[in-house]
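Architecture at a glance
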Amino acid sequence: MKKGLFITFEGPDGSGKTTVSTEVCRRLEAEGYPVRYTREPGGSEIAEQIRKVILDPENTAMDARTEALLYAASRRQHLVEKVLPALNEGITVISDRFVDSSLAYQGKGRGIGIDEVYAINQFAIEGHMPEKTIFLQVDPEIGLERIHRNRTFLDRLDQESIDFHERVLQGYQEVIERYADRMIIIDANREVEEVIQDAYLAVKGLLDA
Ligand code: TMP
């Protein structure tokens, strides 16, 4: 059986990534495509428990490398339990975040270094990188304004300083350049409906190829 495609959605907080990726998945499923939505950090029971520890605003003492290792651990569990079995059944998996998030947030945002974070993630994913990544590009002010407007609860990472979020954006910029062949970049400063439409056409194009 032909394996499913592994597609990820990436972008900074407030890029609309979750709204866009769930809606793209819903539309494709409605059209009969074999697709499955999942998200990181989490996406399986054990991985969701790790997510709670990482994002708990009470955990202010968490060390940056501990954080990076927990994301990698959560990713591993999610990959083994959810992503790989679906791909093996021929289902396309659309994951809301994956390794690129760790490269940007922990590698650059926390200052651990993109290569070091990549190395621990290779241990976790054993080479299973996505075939394509839809990157939602948004200006930091617009992204942060959306977070504060739309959310009643801010997790530990949402509460980080604007400097942190700017470093994350620089990290994503490096990741986009490093993996240019894998990236499909979409301007997410626009109305969400326009972003959904572009992302939907991009993923549909991949499935029809
Ligand atoms: P979410 O808002 O997409 O649910 O993700 C929760 C937070 O976790 C978000 O601020 C991004 C952050 N994150 C990392 O810092 N590293 C990672 O590897 C992942 C997957 C998420």
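Residues numbered from 1 in each chain as written. Predicted model: local features only at pLDDT ≥ 70, side-chain atom pairs only at ≥ 80, totals over all residues. Heavy atoms only, no water.

With that out of the way, let us pick up the packing of helix α3 (residues 64-88) against helix α5 (residues 114-125). Each pair of packed helices can be summarised by the angle the axes make with each other and by the distance between the axes. Running from amino to carboxyl end, α3 crosses α5 at an angle of 30°, the nearest separation of the two axes being 9 Å. Classed by the angle they form, the pair α3 and α5 counts as roughly parallel. Every pair of crossing elements has a handedness; the one defined by α3 and α5 is right-handed. Here Arg65, Ala68, Leu69, Ala72, Arg75, Arg76 and Leu79 of α3 lie close against α5, whose contacting residues are Glu116, Ile120, Asn121, Ala124 and Ile125. Partitioning the contact of α3 with α5 into residue classes produces 7 nonpolar, 1 polar and 4 charged. (Axes fitted to C-alpha atoms, helices over the stretch in contact; angles between N-to-C directions. Helix = DSSP H or I, 4+ residues; strand = E, 2+ residues; numbered from the N terminus. Parallel < 35°, antiparallel > 145°, perpendicular 65-115°, else oblique. Left-handed = near helix turned anticlockwise from the far one by under 90°. Contact = heavy atoms within 4.5 Å. Nonpolar A, V, L, I, M, F, W, Y, C, P; charged D, E, K, R; others polar.)

Right, let's get into the pattern of salt bridges. Across all of its chains, the model carries 19 salt bridges by this definition. For Glu67, the salt bridge identified is with Arg156, shortest N-O distance 2.9 Å. You can see Glu67 sitting in helix α3 and its partner Arg156 sitting in the loop between α6 (140-150) and α7 (162-178), a full 89 residues away along the chain. Take Glu67 and Arg156: they sit in the same class, and that class is buried. When the shortest N-O distance is used, the salt bridge between Glu160 and Arg110 registers 2.9 Å. Of this pair, Glu160 sits in the loop between α6 and α7 while Arg110 sits in the loop between α4 (99-109) and α5; the two residues are 50 residues apart in sequence, bridging distant segments of the chain. (Salt bridge = Lys/Arg side-chain N within 4 Å of Asp/Glu carboxyl O. Buried < 20%, exposed > 50% of the residue type's maximum accessible area, 1.4 Å probe, protein only.)

Our next topic: the environment of Phe164. Tracing the backbone shows Phe164 in helix α7. Counting along the chain gives 97 residues from Phe164 to Glu67, while the straight-line C-alpha distance between them is 15 Å. Beyond its immediate chain neighbours, meaning those up to four positions away, Phe164 contacts Tyr105, Gly109, Arg110 and Leu157.

With that settled, consider the packing of aromatic side chains. The final tally for this structure, using the stated rule, is 4 aromatic pairs. On the numbers, 5.0 Å between centres and 80° between planes, the contact of Phe6 with Phe98 is edge-to-face. With a gap of 92 residues between them, Phe6 in strand β1 (residues 6-10) and Phe98 in the loop between β3 (92-96) and α4 connect regions that are remote in the sequence. Given the relative accessible area of 2%, Phe98 is considered buried. Ring-pair connections join several aromatic residues into one group, and the members of that group are Tyr105, Phe135, Phe164 and Tyr172. (Phe/Tyr/Trp six-rings, centres within 6.5 Å; stacked < 30°, edge-to-face > 60°.)

Here we come to the sheet that holds β1. Across the sheet, 5 strands lie side by side as β2-β3-β1-β4-β5; this open sheet has parallel pairing. In this open sheet, the two edge strands, each paired with only one partner strand, are β2 (35-39) and β5 (183-187). Adjacent strand axes in the sheet meet at a mean angle of 20°, parallel and antiparallel pairs treated alike. Relative to β3, β2 is paired through 5 bridges, and the arrangement is parallel. Residue Tyr37 lies in a different strand from β3, and its bridge partner there is Ile94. (Pairing = 2+ DSSP bridges.)

A few words now on unusual backbone geometry. For the peptide bond that leads from Glu40 to Pro41, omega is -10°, which places it in the cis range. Take Pro41: it is sitting in the loop between β2 and α2 (45-55). Even without glycine at this site, Arg97 takes up a positive phi of about 85°. For Arg97, the position within the fold is in the loop between β3 and α4.

Across its 17 residues, helix α8 (residues 192-208) extends 24 Å between first and last C-alpha, which sits within 8% of the 24 Å expected from 1.5 Å per residue. Taken together, the buried positions of α8 are occupied by Val195, Ile196, Ala199, Tyr200, Ala202 and Val203. Down the axis of α8, the sector holding all buried residues measures 165°, keeping them to one side. Looking at the buried positions of α8, the neighbouring elements they touch are β1, α1 (17-30), β3, β4 (132-137) and β5. (Expected span 1.5 Å × (residues − 1). Arc of directions from axis to C-beta.)

Let us look at the site of the ligand. Residues in contact with the ligand amount to 14 residues; listed here are only the nearest, Tyr71, Arg75, Arg97, Ser102 and Gln106. The contact in question runs from an oxygen atom of the ligand to an N or O atom on the side chain of Asp13, over 3.1 Å. Between an oxygen atom of the ligand and a side-chain N or O atom of Arg75, the distance comes to 2.8 Å. When the free accessible area of the ligand is taken as 470 Å², the share hidden by the protein chains comes to 95%. (Near = heavy atom within 4 Å. Polar contact = N/O pair within 3.5 Å; in protein donor to acceptor, adjacent residues only side chain to side chain. Areas by Shrake-Rupley, 256 points an atom, 1.4 Å probe, with all protein chains shown as cover.)

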